[in-house]
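One-letter residues, chain by chain:
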There are 2 protein chains.
Amino acid sequence: MGNYISDAVIKRLPRYRRYLRNLEKSGVSRVSSKELGEMMDVTASQIRQDLNHFGGFGQQGYGYGVAELGNSLEQIMGLDKTYNIAFIGCGRLGQALIGYLNGNEPHYKIVALCDNRPELAGTEIAGIKVMDKEEFKVRMRKGDIDILALTAPARIADEVAGDLEGTGIRGVWNFGHTDITIKGVHVMNVHLSDSLHALTYYINHLD
Amino acid sequence: MGNYISDAVIKRLPRYRRYLRNLEKSGVSRVSSKELGEMMDVTASQIRQDLNHFGGFGQQGYGYGVAELGNSLEQIMGLDKTYNIAFIGCGRLGQALIGYLNGNEPHYKIVALCDNRPELAGTEIAGIKVMDKEEFKVRMRKGDIDILALTAPARIADEVAGDLEGTGIRGVWNFGHTDITIKGVHVMNVHLSDSLHALTYYINHLD
């Protein structure tokens, strides 16, 4: 597992897992790479290549065990553990994501919130107190936050993100409009408009 | 341009464009595929291959004209035109995206909103009346909506999406939790948790 695995492969894992979990819910117990590929609109050989990075799954001619492969993918991604997540930015996007995680993602526990706007700081969202920047910087030092979600304007996000060293925070889920890099931390830059722009390409090239 | 271009290539175009526009803002006028690749963490040959699908850009040894390539990518994606977009679902996620588009995406004009919740139907968001489902179904038939954003619970989204034929809607930007397929329409399924799950992989595999 120490071999280099490209970002493109890693970014496909969550989608494989979703399809497998949906198959499992529909009562399907085995699936071939060909069948899975047809559902997902990728080639069977792409699926086999991607999964080969993580060891052997499935047997030639027998396909994959749907539940087993789903479980394995969860273990590979670390979704068999639970993570503490904090949000900087509790506006509409922050609140939408907080609501989404609380309803759909039992492996992520929201433990702290930060927003400097006077109408939000000091209030509670989803039962958690919204701290202002200074209080949150102290809170970060407690060392129990795994992931920081950035759903705030760039200025405050930059300022707090510049202060992560020694907090134990290992990942940043960044919805800001500029890609950021932080030493020792993995940053996942999410650009909501990228999918809209790709969609725009497609609507101009419909068959 | 009639050749087959994979989804993976199309999904990279918005990112190339972002990087080029940022370079342009920084006053850079030419960039080599090697330099661009280093910034974007992809190989130079990947960039050349991707762009070759759309004709010849740049000259061996001279690199790409930053502004020109940015313009070309916008034309390829159709970002030189303007699109009318409607939202089904005006909760927190819908409102976050509406605010984001209004502030950052001049080529998308929000023309209609739908939400059946009594506290929202009949109100205005960003100056646009929120219609209930029945009123919105009539509004769709006016024929001027290009893209439908689905930011609503699956049930209402399914019901309205089942009624798109003849409306002229060509694209669906789907934030629902289940992938959907609609004949004659391009659906871009967005899964906000996929990026969080990929991030989770990475925080478990930090160097």
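Here is a short report on the structure shown in this document. (Residues numbered from 1 in each chain as written. Chains lettered and ligands numbered in written order. Predicted model: local features only at pLDDT ≥ 70, side-chain atom pairs only at ≥ 80, totals over all residues.)

1. Here we look at the overall build of chain A
Alright, step 1. Helix and strand content of chain A: eight helices and nine strands.
Alright, step 2. Overall, chain A is about 60 × 40 × 35 Å in size when its C-alpha atoms are taken along their principal axes.
Alright, step 3. Within chain A, residue pairs in contact and separated by at least 24 positions form 56% of the contacts whose partners lie at least 6 positions apart. (Helix = DSSP H or I, 4+ residues; strand = E, 2+ residues; numbered from the N terminus. Contact = placed C-beta atoms within 7 Å.)

2. Looking at the interface of chain A and chain B
Alright, step 1. The partner chain B presents 43 residues to the 43 residues of chain A that form the contact.
Alright, step 2. Sorting the residues of the side of chain A that touches chain B by element identifies α1 (7-25), α4 (66-77), α5 (92-104), β8 (171-174), β9 (186-189) and α8 (192-203) of chain A as the ones contributing at least two each.
Alright, step 3. Take the side of chain A that touches chain B: its biggest share by element is twelve residues, from α8(A).
Alright, step 4. Considered class by class, the residues forming the side of chain A that touches chain B number 23 nonpolar, twelve polar and eight charged. (Nonpolar A, V, L, I, M, F, W, Y, C, P; charged D, E, K, R; others polar.)

3. Remarks on the nonpolar core
Alright, step 1. A:L148, A:L150, A:W173, B:L148, B:L150 and B:W173 are the most contacted members of the largest nonpolar core, which totals 106 residues.
Alright, step 2. Apart from the residues within four sequence positions on either side, A:L150 is in contact with A:I88, A:G89, A:A157, A:A161, A:V172, A:W173, A:N174, A:F175 and A:G176. (Core = buried A, V, L, I, M, F, W, Y, C linked by C-beta atoms within 7 Å. Buried ≥ 20, exposed ≤ 12 C-beta atoms within 10 Å, placed from the backbone.)

4. Some words on the sheet that holds strand β7 (residues 147-150) of chain B
Residues and elements named next belong to chain B.
Alright, step 1. The mixed open sheet is built from seven strands, whose spatial order is β5-β6-β4-β3-β7-β8-β9. In this open sheet, the two strands that pair with only one neighbour each are β5 (124-125) and β9 (186-189).
Alright, step 2. For strand β8 (residues 171-174) and β9, the ladder comprises four bridges, and the chain directions are parallel. Bridge pairing in β9 places G171 opposite H186.
Alright, step 3. Running at roughly 140° to strand β4 (residues 108-114), helix α6 (residues 133-140) makes contact with β4 and β6 (128-131) of the sheet. (Pairing = 2+ DSSP bridges. Axes fitted to C-alpha atoms, helices over the stretch in contact; angles between N-to-C directions.)

5. Focus on the pairing of strand β6 (residues 128-131) of chain A
Residues and elements named next belong to chain A.
Alright, step 1. Looking at chain direction, strand β4 (residues 108-114) and β6 are connected through two bridges and run parallel. In the strand pairing of β6, C114 is matched with M131.
Alright, step 2. Pairing of strand β5 (residues 124-125) with β6 involves two bridges; the strand directions are antiparallel. Directly across from E124, in β6, lies its bridge partner K129.
Alright, step 3. Counted between consecutive antiparallel strands, the loop separating β5 from β6 contains two residues, among which A126 sits at a positive phi close to 55°.

6. Observations regarding the relation of the copies chain A and chain B
Mapping one chain copy onto the other needs a rotation about an axis and a shift along that axis.
Alright, step 1. Each copy of the sequence occupies a distinct position, and chain A is placed on chain B by a rotation of 180° and an axial shift of 0.0 Å, giving an RMSD of 0.0 Å. One copy is carried onto the other by what is essentially a two-fold rotation axis. Identified as the residue of chain A closest to the rotation axis by C-alpha distance is A:R92, at 2.6 Å.
Alright, step 2. Taken as a fraction of all interface residues of chain A, those also at the interface in chain B reach 100%, which identifies the copy contact as same-surface. (Least-squares fit on C-alpha atoms with pLDDT ≥ 70 in both.)

7. Observations concerning the packing of α1(A) against α4(A)
Residues and elements named next belong to chain A.
Alright, step 1. With their axes 9 Å apart at the nearest point, α1 and α4 run at an angle of 145° to one another. The handedness of the crossing between α1 and α4 comes out as left-handed. Across from L13, Y16, R17, L20, R21, L23 and E24 in α1, the residues of α4 making contact are V66, A67, L69, G70, L73, E74, I76 and M77.
Alright, step 2. In terms of residue class, the contact of α1 with α4 is built from ten nonpolar, one polar and four charged. (Left-handed = near helix turned anticlockwise from the far one by under 90°.)

8. A few points about the sheet that holds β9(A)
Residues and elements named next belong to chain A.
Alright, step 1. On the basis of which strands lie adjacent, the open sheet formed by seven strands has the order β5-β6-β4-β3-β7-β8-β9 and mixed pairing. Looking at strand neighbours, the two that pair on one side only are β5 and β9, the edges of this open sheet.
Alright, step 2. This element, α5, spans β3 (83-88), β4, β5 and β7 (147-150) of the sheet and lies at about 155° to β4.
Alright, step 3. Strands in contact with helix α7 (residues 154-161) are β3, β7 and β8; relative to β3, the strand with the most contacts, it is inclined by about 135°.

9. Examining the environment of A:Y4
Residues and elements named next belong to chain A.
Alright, step 1. As for its position among the elements, Y4 is in the segment before α1.
Alright, step 2. Given 6 C-beta atoms within a 10 Å radius, Y4 is considered exposed.
Alright, step 3. It is 25 Å that separates the C-alpha atoms of Y4 and T82, two residues lying 78 residues apart in sequence.

10. Let's talk about the environment of A:Y19
Residue and element names in this part refer to chain A.
Alright, step 1. Mapped onto the elements of the fold, Y19 is located in helix α1.
Alright, step 2. Assessed through the 17 C-beta atoms surrounding it within 10 Å, Y19 is described here as partly exposed.
Alright, step 3. Counting along the chain gives 49 residues from Y19 to E68, while the straight-line C-alpha distance between them is 13 Å.
Alright, step 4. In this structure, Y19 is in contact with L36, M39 and M40, ignoring residues within four places of it in sequence.

11. Some points on helix α4 (residues 66-77) of chain B
Alright, step 1. Given a rise of 1.5 Å per residue, twelve residues ought to cover 16 Å, and the 17 Å separating the end C-alpha atoms of α4(B) matches this to within 8%.
Alright, step 2. Following α4(B) by one or two positions, B:G78 has its phi on the positive side, about 85°. (Expected span 1.5 Å × (residues − 1).)

12. Focus on α4(A)
Alright, step 1. For α4(A), the full list of buried residues reads A:V66, A:L69, A:G70, A:L73, A:I76 and A:M77. Take α4(A) and look down its axis: the buried residues cluster within an arc of 125°, on one side only.
Alright, step 2. Buried residues along α4(A) sit in contact with α1, β1 (30-31) and β2 (64-65) of chain A together with α8 (192-203) of chain B. (Arc of directions from axis to C-beta.)

Bear in mind that shape data such as this cannot, by itself, settle questions of function.
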